[in-house]
Each structure stands twice: as structure tokens, then as C-alpha cells.
Amino acid sequence: QVELLESGGGLVQPGDSLRLSCVASGRAFSYTMAWFRQPPGKDREFVAAVRRHSDTPSYATSLKGRFTISRDNAKNALYLQMNSLKPDDTAVYYCAASIWSLAASSLEGEEQYDHWGQGTRVTVSS
């Protein structure tokens, strides 16, 4: 089975940038990988997803233009570049993976992913 480990979170000020990383290990093939986040007191929400060969990624509408998802298959790694951070970006960010090539309509559903990391915390505050 796949094991996921996130890193790169921290405390930053509005307007700053962060780069999150997720390293995958195990026997299962992670065709689709994604980032979700859970703000304090709120439900987990979709951030972005990308398939193995880095085809056109999918982003939450409100985040497109500020966040960029990418992956390095040789390193079994997933990344999230976050720019122009806002206080509303404060959340625990989770890495997720699926062995399936998910349809576009399924990419944002957390139930579609069968492997999850434990999360890395991002706090944006002035």
C-alpha cells in the first residue's frame, strides 16, 4: 500500500509564499494525486489534483492563479506552490492518492482517494 508524508507548512504573513511537498512510498501505483485542506472549524475541501503524466491539473476555482500543483514521478513526490497567501488559506493541508485515473468529475471528491497523509499545518496571519 501507498504511504504519504507531507512537509513544508509553517507560519507566514499575508502575501508570502510556501511550497508544500508530499513523498509517496509503497507498492501501489499512484496514478492520481491531489491536495485537500481543512481550515479550523470547517470541513475538508478540495485544492488541486494532477494525474501521473502531469496533464492539465484541476484546481478549486477560488485558488486557480495563486496555487500550482506539480509532481516528480522519479522522486515519487507531489508539490503545491502557494503564492500571495491570505488568512483564509490557513488550514491543515493533506496529500491524497488514488490508483485510478480519475474522471474529471471525480477529482474533487475526497471519497475517490484511498491513501492519505497526516497533513501539514499552514498558518497565514499578520
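Rules used in this analysis
Residues numbered from 1 in each chain as written. Predicted model: local features only at pLDDT ≥ 70, side-chain atom pairs only at ≥ 80, totals over all residues. Heavy atoms only, no water. Helix = DSSP H or I, 4+ residues; strand = E, 2+ residues; numbered from the N terminus. Buried < 20%, exposed > 50% of the residue type's maximum accessible area, 1.4 Å probe, protein only. Contact = heavy atoms within 4.5 Å. Disulfide = S-S within 2.5 Å. Core = buried A, V, L, I, M, F, W, Y, C linked by side-chain atoms within 4.5 Å. Phe/Tyr/Trp six-rings, centres within 6.5 Å; stacked < 30°, edge-to-face > 60°. Lys NZ or Arg CZ within 6 Å of the ring centre and 35° of its normal. Pairing = 2+ DSSP bridges. Axes fitted to C-alpha atoms, helices over the stretch in contact; angles between N-to-C directions. 1 Å grid on protein atoms, 1.4 Å probe; cavity = no way out; pocket = protein on both sides within 12 Å on 5 of 7 lines; lining within 4 Å. Points joined across faces, edges and corners; volume = space filled by probe spheres on them. Nonpolar A, V, L, I, M, F, W, Y, C, P; charged D, E, K, R; others polar.

(A) Main features of the environment of Ser7. Relative to the elements of secondary structure, Ser7 occurs in strand β1 (residues 3-7). Its relative accessible area of 39% is what places Ser7 among the partly exposed residues. The residues contacting Ser7, other than those within four sequence positions of it, are Arg19, Leu20, Ser21 and Thr120.

(B) Inspection of the state of the cysteines at higher detail. Applying the stated criterion across every chain, the model contains 1 disulfide. Here Cys22 is linked by a disulfide to Cys95, with a sulfur-sulfur distance of 2.1 Å. Between Cys22 and Cys95 the sulfur-sulfur dihedral comes to about -75°; the bridge is accordingly left-handed. Remark: Cys95 occurs in strand β9 (residues 91-98) and Cys22 occurs in strand β3 (residues 18-25); sequence separation between them is 73 residues. Accessibility assignment for this pair places Cys22 and Cys95 in one class, buried.

(C) The arrangement of the nonpolar core in detail. Core analysis: the largest hydrophobic core is formed by 35 residues, its most contacted members being Trp35, Leu80, Met82 and Tyr93. Secondary-structure elements contributing two or more residues to this core are β3, β4 (32-38), β5 (45-51), β7 (67-72), β8 (77-82), β9 and β11 (120-124). In this structure, Met82 is in contact with Asp16, Ser17, Leu18, Leu20, Arg66, Phe67, Tyr93 and Val122, ignoring residues within four places of it in sequence.

(D) Here's a closer look at the packing of aromatic side chains. All chains considered together, the criterion is met by 4 aromatic pairs. With centroids separated by 5.5 Å and ring planes inclined at 75°, the aromatic side chains of Phe36 and Tyr113 adopt a geometry described as edge-to-face. You can see Phe36 sitting in strand β4 and its partner Tyr113 sitting in the loop between β9 and β10 (115-116), a full 77 residues away along the chain. Phe36 gets classed as buried once you look at its relative accessible area, which sits at 1%. Three or more aromatic residues joined by ring pairs make a cluster, and in this case those are Phe36, Phe46, Tyr113 and Trp116. Arg44 extends its terminal NZ or CZ atom over the ring of Tyr94, reaching a point 5.4 Å from the ring centre.

(E) Structural view of the sheet that holds β8. Taken together, 4 strands build an open sheet; the order of strands is β1-β3-β8-β7 and the sheet is antiparallel. The open sheet has two edge strands, β1 and β7, and neither has a second partner. Averaged over neighbouring strand pairs, the angle between their axes works out to 15° when direction is ignored. Where β7 and β8 come together, 6 bridges link them in antiparallel fashion. Directly across from Asp72, in β8, lies its bridge partner Ala77.

(F) Representation of the layout of surface pockets. Estimated volume of the largest pocket: approximately 160 Å³. The wall of the largest pocket is formed by 15 residues, among which Ala24, Ala28, Ser30, Arg52 and Asn76 lie closest to the centre. Elements represented by at least two residues in the lining of the largest pocket include exactly β3 and β7. When the residues that make up the lining of the largest pocket are grouped by side-chain class, the tally is 6 nonpolar, 5 polar and 4 charged.

Read these as spatial facts, not as claims about activity.
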